[in-house]
Amino acid sequence: QVQLVESGGGLAQAGGSLRLSCTVSGSVDSIIRMAWYRQAPGKTRDLVAAITSGGSTNYADSVLGRFTISRDNAKNTVYLQMNSLKPEDTAIYYCHIREREPTLMSFDYWGQGTQVTVSS
């Protein structure tokens, strides 16, 4: 049973910073991708940033240059450092991982979400 637990959300002022963490517990064969998504009220859930097991990253254009995703494979933890926050960053942020089993089948897991609110 795999569980994802996010932390670090909260309230920040425009221009401020927050650091989100997501720790994966349970038996995981191989995490090939870890990512952060976000969803604002009335909006779709969109990719914010992702990082592969090899260290390759990609970012949404809206956060490029402001957010940084990183991971600690030994700890099964992924981080999202958010700088220069804007009110438009306000959303629920969800941690996501993709696990690949020895059979080469892949499985997706989601965290419960953590609220990020940026005031103007």
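All of these numbers come straight from a predicted model, not from anything done at the bench.

### Focus: the overall build of the protein
Phase 1 of the analysis: A tally of regular secondary structure across the protein gives zero helices and 11 strands.
Phase 2 of the analysis: Shown N-terminal to C-terminal, the secondary structure of the protein runs as helices and strands in the order β-β-β-β-β-β-β-β-β-β-β.
Phase 3 of the analysis: Relative to a compact globule of 120 residues, whose C-alpha radius of gyration would be 14 Å, the protein shows 14 Å and is just as compact.
Phase 4 of the analysis: If you line up the protein on its principal axes, its C-alpha atoms span 50 × 25 × 25 Å.
Phase 5 of the analysis: Scored against the burial criterion, the 120 residues of the protein give a buried share of 38%.
Phase 6 of the analysis: Long-range pairs, those at least 24 residues apart, make up 54% of the contacts in the protein with a sequence separation of at least 6.
Phase 7 of the analysis: Here the protein displays about 6,200 Å² of accessible surface, and carbon together with sulfur accounts for 48% of that area.

### Regarding the sheet that holds strand β7 (residues 67-72)
Sheet strands pair by backbone hydrogen bonding; their relative direction is either parallel or antiparallel.
Phase 1 of the analysis: Spatially, the four strands line up as an open sheet ordered β1-β3-β8-β7, and their pairing is antiparallel. Among the strands making up the open sheet, the edge pair consists of β1 (3-7) and β7. Pairwise comparison of adjacent strand axes, ignoring direction, gives a mean angle of 15° for this sheet.
Phase 2 of the analysis: Sheet topology note: the β1/strand β3 (residues 18-25) ladder contains five bridges and is antiparallel. If you follow E6 over to β3, its bridge partner there is C22.

### Concerning the pairing of strand β10 (residues 106-110)
Phase 1 of the analysis: When strand β9 (residues 91-100) meets β10, the two strands line up antiparallel, connected through five bridges. Bridge pairing in β10 links I97 to Y109.
Phase 2 of the analysis: Between the antiparallel neighbours β9 and β10 lie five residues, among them L104 with a positive phi of about 75°.

### As for the nonpolar core
Phase 1 of the analysis: With 28 residues, the main nonpolar core has W36, L80, M82 and Y93 as its most contacted residues.
Phase 2 of the analysis: Breaking this core down by element, the ones donating at least two residues are β3, β4 (31-39), β5 (46-52), β7, β8 (77-82), β9 and β11 (114-119).
Phase 3 of the analysis: When sequence neighbours within four positions are dropped, the list of residues in contact with M82 reads G16, S17, L18, L20, R66, F67, Y93 and V116.

### So, the state of the cysteines
Phase 1 of the analysis: All told, the structure shown has one disulfide when counted by the stated rule.
Phase 2 of the analysis: Across the disulfide from C22 sits C95; the S-S distance is 2.1 Å. When the S-S torsion is -85°, as for the bridge of C22 with C95, the disulfide is left-handed. In this pair, C22 sits in strand β3 while C95 sits in strand β9, placing the two residues 73 residues apart along the sequence.
Phase 3 of the analysis: For C95, a relative accessible area of 0% puts it in the buried group.

### Comments concerning unusual backbone geometry
Phase 1 of the analysis: A positive phi angle, close to 50°, is found at N76, a residue other than glycine.
Phase 2 of the analysis: Along the polypeptide, N76 turns up in the loop between β7 and β8.
Phase 3 of the analysis: Positive phi, normally seen in glycine, also occurs at L104, with a value near 75°.
Phase 4 of the analysis: Within the secondary structure layout, L104 lies in the loop between β9 and β10.

### Some points on the packing of aromatic side chains
Phase 1 of the analysis: Applying the stated criterion across every chain yields a total of one aromatic pair.
Phase 2 of the analysis: For the cation-ring pair, R45 lies above Y94, with the distance from its terminal atom to the ring centre recorded as 3.6 Å.
Phase 3 of the analysis: Lying across the ring of W110, R45 places its NZ or CZ 4.8 Å from the centre.

Cut-offs and rules
Residues numbered from 1 in each chain as written. Predicted model: local features only at pLDDT ≥ 70, side-chain atom pairs only at ≥ 80, totals over all residues. Heavy atoms only, no water. Helix = DSSP H or I, 4+ residues; strand = E, 2+ residues; numbered from the N terminus. Rg over C-alpha atoms; globule rule 2.2 N^0.38 Å. Buried < 20%, exposed > 50% of the residue type's maximum accessible area, 1.4 Å probe, protein only. Contact = heavy atoms within 4.5 Å. Areas by Shrake-Rupley, 256 points an atom, 1.4 Å probe, with all protein chains shown as cover. Pairing = 2+ DSSP bridges. Axes fitted to C-alpha atoms, helices over the stretch in contact; angles between N-to-C directions. Core = buried A, V, L, I, M, F, W, Y, C linked by side-chain atoms within 4.5 Å. Disulfide = S-S within 2.5 Å. Phe/Tyr/Trp six-rings, centres within 6.5 Å; stacked < 30°, edge-to-face > 60°. Lys NZ or Arg CZ within 6 Å of the ring centre and 35° of its normal.

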